[in-house]
Amino acid sequence: MRTARTAATLMAVVALAAGCSSSGGKTSEDKADGSTGGKSAGTPRLKIAMVTHSGEGDTFWDIVQSGAKQAAAKDNVQFLYSNDKEAKGQAELVQSAIDKKVDGIVVTLAKPEAMKAVLAKAKDAGIPVVTINSGGEFSQAFGALTHIGQDESVAGEAVGSELNERGRKKALCVIHEQGNVSLEQRCAGVKKTFKGTVENLNVDGTDAPSSQSSVEAKLQAAKDIDAVVALGAPVAAVAVKAKQDAGSEAEVDTFDLNAAVVKSLKAKDVGFAVDQQPYLQGYLAVDELWLYRTNANVIGGGKPVLTGPAIVTEKDVPKLEKYTARGTR
């Protein structure tokens, strides 16, 4: 695995230290979701909510939740998850978490302006917030303790450089959620370092047949497209089918990793993937709020904590298959 930019060593140290805390704790009276049946921390029971912009069928967020639930089980935390792809709906869910008087909130900032006011309410209510995955540049201004995820611009730049190494000349960057700042930053990053040309294509990521038709039509109309960059694992599967039906020779590459992408890497249907370690995002976010509530710790000293990006190819499949199969990578 070739890492374009690695997370700080501090992450591993904190995660290890936090993991050790369960050794002397008592079994939780009310096990958190995702508990594996082991002992949890002997700290007071906390309630932490995670509110994301996930649309239906996006397996990326299943992996994020796996990490969050594992940390919750260890930390004696009741983990509450909710999501809405519409900015207004997501903001309302954050307000609902505030009304429930949770001990901490984990939130994504895909459409940051819609979240600004409600996060100010969380701050006024004394509820600490950690942002993950998207909108990291807005995290501090919105009062969050820290942001956990990858730098989307840097990740896009890594993709552009990889396409150069593979000799590609024209790329199609498929944006599956209009208005999502992180997706736009990824495509912009690709354009910054790619020596060829990049064209963006907006599709509805929650409608696979429609997305496939759109990508297929584009590939049929522009035969010189030799790379399709999907911005999420489910879209990669759609792009592979679209390429096949269009009779295109374009290479499909993708952001994000799951079991299906690893199989596609192995079959060489996908050239490479960008791994931002979503399991780690969920795990560290819950752990950070627990550490803050129980020991006034702030991971990374308030600076963004990077979980990626890393370029993954078919050479990495043997060591990743068992992890993606269990939903942790």
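Here the structure is shown first, and the text comes after it.
Residues numbered from 1 in each chain as written. Predicted model: local features only at pLDDT ≥ 70, side-chain atom pairs only at ≥ 80, totals over all residues. Heavy atoms only, no water.

(A) Just the overall build of the protein, in detail. A count of helices and strands for the protein gives 12 helices and 13 strands. The buried share of the protein, reckoned over its 329 residues, is 53%. Once local pairs closer than 6 in sequence are excluded, the contacts in the protein between residues at least 24 apart make up 74%. In the structure as shown, the protein presents an accessible area of about 13900 Å², 49% of it carried by carbon and sulfur atoms. (Helix = DSSP H or I, 4+ residues; strand = E, 2+ residues; numbered from the N terminus. Buried < 20%, exposed > 50% of the residue type's maximum accessible area, 1.4 Å probe, protein only. Contact = heavy atoms within 4.5 Å. Areas by Shrake-Rupley, 256 points an atom, 1.4 Å probe, with all protein chains shown as cover.)

(B) How the structure looks around the environment of Ala144. If you trace the backbone, Ala144 turns up in the loop between α5 (136-139) and β6 (147-149). The class of Ala144 is buried, set by a relative accessible area of 13%. Through-space distance from the C-alpha of Ala144 to that of Lys123 is 8.5 Å; in sequence the pair is 21 residues apart. Those residues in contact with Ala144 that sit more than four places away from it in its chain are Val129, Thr131 and Ser139.

(C) Expanded view of helix α10 (residues 259-266). Among the residues making up α10, those that are buried are Val261, Val262, Ser264 and Leu265. For α10, the arc enclosing every buried residue in end-on projection is 160°, short of the 170-degree limit, so these residues lie on one face. Opposite its buried face, α10 presents the exposed residues Lys263 and Lys266, each directed more than 90 degrees away. Buried residues belonging to α10 abut α9 (233-246), β10 (251-255), β11 (270-275), β13 (310-312) and α12 (317-325). Capping of α10 at its N-terminal end is provided by Asn258; its side-chain oxygen lies 3.1 Å from the backbone amide nitrogen of Ala260. Following α10 by one or two positions, Lys268 adopts a phi angle in the positive range, close to 65°. (Arc of directions from axis to C-beta. Polar contact = N/O pair within 3.5 Å; in protein donor to acceptor, adjacent residues only side chain to side chain.)

(D) Up close: the environment of Asp207. The topology assignment puts Asp207 in the loop between β8 (197-202) and α8 (208-221). Taking the C-alpha atoms as reference, Asp207 lies 9.6 Å from Gly57; in sequence the two are 150 residues apart. Engagement of the side chain of Asp207 in a polar contact is seen with the backbone nitrogen of Ser210, the distance being 3.2 Å.

(E) Fine view of the pattern of salt bridges. Scanning the model with the defined rule gives 14 salt bridges in all. Measuring nitrogen to oxygen at the nearest pair gives 3.6 Å for the salt bridge that ties Lys111 to Glu177. On the criterion of sequence distance, the pair formed by Lys111 in the loop between β4 (104-108) and α4 (116-124) and Glu177 in the loop between β7 (170-175) and α7 (181-193) is long-range, its members being 66 residues apart. We classify Lys111 as partly exposed; its relative accessible area is 21%. Take Glu177: its relative accessible area is 14%, and that puts it in the buried class. (Salt bridge = Lys/Arg side-chain N within 4 Å of Asp/Glu carboxyl O.)

(F) A look at the nonpolar core. Core analysis: the biggest nonpolar cluster contains 28 residues, and Val174, Val215, Leu219, Val228, Leu257 and Leu265 have the highest contact counts within it. Those elements that place two or more of their residues in this core are β7, α8, β9 (227-230), α9, α10, β11 and α12. The biggest single contributor to this core is α9, with seven residues. Discounting chain neighbours no more than four positions away, the residues touching Val215 are Leu172, Val174, Leu201 and Ala242. (Core = buried A, V, L, I, M, F, W, Y, C linked by side-chain atoms within 4.5 Å.)

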